[in-house]
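Residues per chain are reported as follows:
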Amino acid sequence: MGTKRPAKAPKRKKKNGPKKFWLLGREEINTAHFDITPEGTLLVREGNYQYNIYNIIKKHGTPTEIFFPTIVENRVRDLIETFNAFIKVTGYRGRFYYHYPMKVNQNREFVLPAVAEGANLDVGSANELFVVKRMIEQDKFNEKIRVICNGPKTDRYMDLIDELRGKGLIVIPIIEDMVELERMKKFKGEVGIRVDLNLKVASHWDKRYNRYGFTEEELVNLGKIRNLAVLHYHVSSQIERIDGLIQPLKRAIALYAKMREKNPQLDTIDIGGGAGVPYDKRKRFYTGRSLISQLVKTAKKQCDRLGVRHPNLIAEWGRYVVAPAQVTIYKITAEKQAYNKGGNSWYVIDGSFMNDLLDTWAIKQKWHVVPVNHLLSKKLARVWIGGSSCDSDDKYTAGGSYILLPRLSDADELYIAFLDTGAYQDSLASHHCLLSSPLKLTAQNGEIKVVRKRETAEEVGKQFGW
Ligand SMILES: Cc1ncc(COP(=O)(O)O)c(C=O)c1O
């Protein structure tokens, strides 16, 4: 293959100030708290506190994740208040409960701020429920908190459910199949049941392989289900359009109406997760407020049409709450020619997509990438970004196009930030090539704290028996 001449370096247009150009300071795409210092470094504001990301990185090094607990607090509070406000103005007669799904980010620093703002919990395994037990034992929270239990109910999981119920916690197991249905016949508390709704929505979820829950027909045919209080569904994650969350709700309400004929104590619909975040800041995306408004209005209209009691609503939105609360920062360590059509360069980072931002590889996740320094640069380069593991899949190419970043030839050193990395990436993280995981910092009330140290070679080796 012949070497392509590098494309002419694009320039940031004069009329686009740097903040506008890098899409910072905009509420609707979750970048309202980002700004640029007069020196051209990335700034994050938290009320009247502010964090100069470049200074933090110069002190702590890279790769580094910086988590902002206040963002989680604000998003949880806002979510609950918005649901309650629309419930009030529409005259909806059910209540709203927010359950934070722990699988999205189990780190203590993410879970506790959510709980502090009124989140209940959703767990997906015995080990996640064990963490809840830990929190209760440490008197970390009010035992009025409600816990939804998804995922396969192993013996250990069921024992823990019983144990926590014994301590006064409201723990609601969700029945996923016939084996669990049989087993739950002896269970004394309220239960939920999961339906695999017969529809497909635009998102990353392969409906052909959905193996969770019962079909709608099966649920109607089951008739009376002991202690049934909750009808649950989860159709997908990062749902692309509002309609993808409205249609499932309509269908679930029709099913709820039918199931209530035999199960009059059924009083709650759990709409699962799925609310998305605008990772790709150049595309139009729905806001949480418009989504919530339409969900509540739809629930009211459908129930009134069918003449059924307005159910309580549960949402298990995870990504929506925590993704925008973290940034991941790398240093560019080298530039190489990419030999691709557009003549892009490779910028090599001191971390790994396959390890630290695994969805880049697994589901072709798009990220918003901004420089941490040299944000005022007018001359930019079209690049692809390469991870530092030995795998050719360890890369980010923005779907095969390019990422615009300052030219390395104009920069003594360059650091870049990936926005919205707070959801799923930590729990999926791995150690390909035995690379160390990034350092994790929290920034809150003007203070920076190290919450996970950078792993040493000894520590990583130990995990593999060395
Ligand atoms: C049952 C259930 N609830 C909630 C979630 C959270 O989904 P999201 O992060 O899309 O809101 C998931 C994620 O897979 C899930 O499986």
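Residues numbered from 1 in each chain as written. Predicted model: local features only at pLDDT ≥ 70, side-chain atom pairs only at ≥ 80, totals over all residues. Heavy atoms only, no water.

Colleague: Describe the sheet that holds strand S9 (residues 191–194), with residues and values.
Modeller: What holds strands together in a sheet is hydrogen bonding between their backbones, with the strands either parallel or antiparallel. Strand order in the closed barrel made by the eight strands is S5-S6-S7-S8-S9-S10-S11-S12, with parallel pairing throughout. Across the sheet, the mean angle from the axis of one strand to that of its neighbour is 25°, orientation sign disregarded. Bridge count between strand S10 (residues 228–232) and strand S11 (residues 268–270): three bridges; the pairing is parallel. Bridge assignment links valine 230 to a residue of S11, and that residue is threonine 268. (Pairing = 2+ DSSP bridges. Helix = DSSP H or I, 4+ residues; strand = E, 2+ residues; numbered from the N terminus. Axes fitted to C-alpha atoms, helices over the stretch in contact; angles between N-to-C directions.)

Colleague: Hey, could you go over the sheet that holds strand S3 (residues 49–52) for me, with residue numbers and the actual values?
Modeller: A sheet is described by the order of its strands in space; here three strands give the open sequence S1-S2-S3, paired in antiparallel fashion. Strands at the two margins of the open sheet, each flanked by one partner only, are strand S1 (34–36) and S3. For this sheet, the mean angle separating the axes of adjacent strands, direction not counted, is 35°. Alignment of S1 against strand S2 (residues 42–46), held across three bridges, turns out to be antiparallel. Residue pairing in the sheet places phenylalanine 34 in a bridge with valine 44 of S2. Across the sheet, helix H2 (residues 53–60) touches S2 and S3, and the angle it forms with S3 is around 55°. (Contact = heavy atoms within 4.5 Å.)

Colleague: Please set out the packing of helix H3 (residues 69–90) against helix H10 (residues 288–306) residue by residue, giving values where relevant.
Modeller: Where H3 meets H10, the axes come as close as 9 Å, and the angle between the chain directions of the two elements is 40°. The orientation of H3 relative to H10 falls into the category oblique. With respect to the hand of their crossing, H3 and H10 are arranged in right-handed fashion. For the pair H3 and H10, contact is made by Leu79, Thr82, Phe83, Phe86, Ile87 and Thr90 and by Arg289, Ile292, Ser293, Leu295, Val296, Lys297 and Lys300, respectively. For the contact of H3 with H10, the per-class residue count stands at seven nonpolar, three polar and three charged. (Parallel < 35°, antiparallel > 145°, perpendicular 65-115°, else oblique. Left-handed = near helix turned anticlockwise from the far one by under 90°. Nonpolar A, V, L, I, M, F, W, Y, C, P; charged D, E, K, R; others polar.)

Colleague: Give a detailed account of the nonpolar core, specifying residues and quantitative values.
Modeller: Ranked by internal contacts, the top residues of the largest apolar core, which has 134 residues, are Ile53, Tyr100, Val132, Trp317 and Ile385. Taken domain by domain, the makeup of this core includes at least three residues from each of domain 1 (18–69 + 323–463) and domain 2 (93–317). Ignoring any residue separated from it by four or fewer positions in sequence, one finds tyrosine 100 in contact with Asn105, Phe110, Val111, Ala114, Ala119, Asn120, Leu121, Asp122 and Val322. Ile172, Ile174, Val230 and Ile314 belong to the second largest nonpolar core, which has seven residues in total. (Core = buried A, V, L, I, M, F, W, Y, C linked by side-chain atoms within 4.5 Å. Buried < 20%, exposed > 50% of the residue type's maximum accessible area, 1.4 Å probe, protein only. Domains from an automatic or database assignment.)

Colleague: Explain a nonpolar patch on the surface to me, and be specific about the residues and the numbers.
Modeller: Taken together, the side chains of Leu434, Phe464 and Trp466 make up a nonpolar region of the molecular surface, amounting to roughly 410 Å² of accessible area. Along the chain, the position of leucine 434 falls in the loop between helix H14 (425–428) and strand S20 (439–444). (Patch = residues over 30% accessible without salt bridge, like charges linked within 9 Å, V, L, I, M, F, W, Y side chains within 5 Å. Areas by Shrake-Rupley, 256 points an atom, 1.4 Å probe, with all protein chains shown as cover. Salt bridge = Lys/Arg side-chain N within 4 Å of Asp/Glu carboxyl O.)

Colleague: Describe the packing of aromatic side chains, with residues and values.
Modeller: This structure, assessed with the given rule, holds 15 aromatic pairs. With 4.4 Å between their ring centres and 25° between their planes, phenylalanine 285 and tyrosine 286 make a pair best called stacked. Residue phenylalanine 285 is classed as partly exposed on the basis of its relative accessible area of 23%. Each ring, one from tryptophan 317 and one from tyrosine 320, has its centre 5.6 Å from the other, and the planes form 70°; the classification is edge-to-face. Neither tryptophan 317 nor tyrosine 320 differs from the other in exposure class; each is buried. Positioned above the aromatic ring of tyrosine 97 is the side chain of arginine 146, whose terminal nitrogen or guanidinium carbon lies 4.1 Å from the ring centre. Directly above the ring of tyrosine 402 sits arginine 382, whose terminal nitrogen or CZ lies 4.8 Å from the centroid. (Phe/Tyr/Trp six-rings, centres within 6.5 Å; stacked < 30°, edge-to-face > 60°. Lys NZ or Arg CZ within 6 Å of the ring centre and 35° of its normal.)

Any link to function would need more than the numbers given here.
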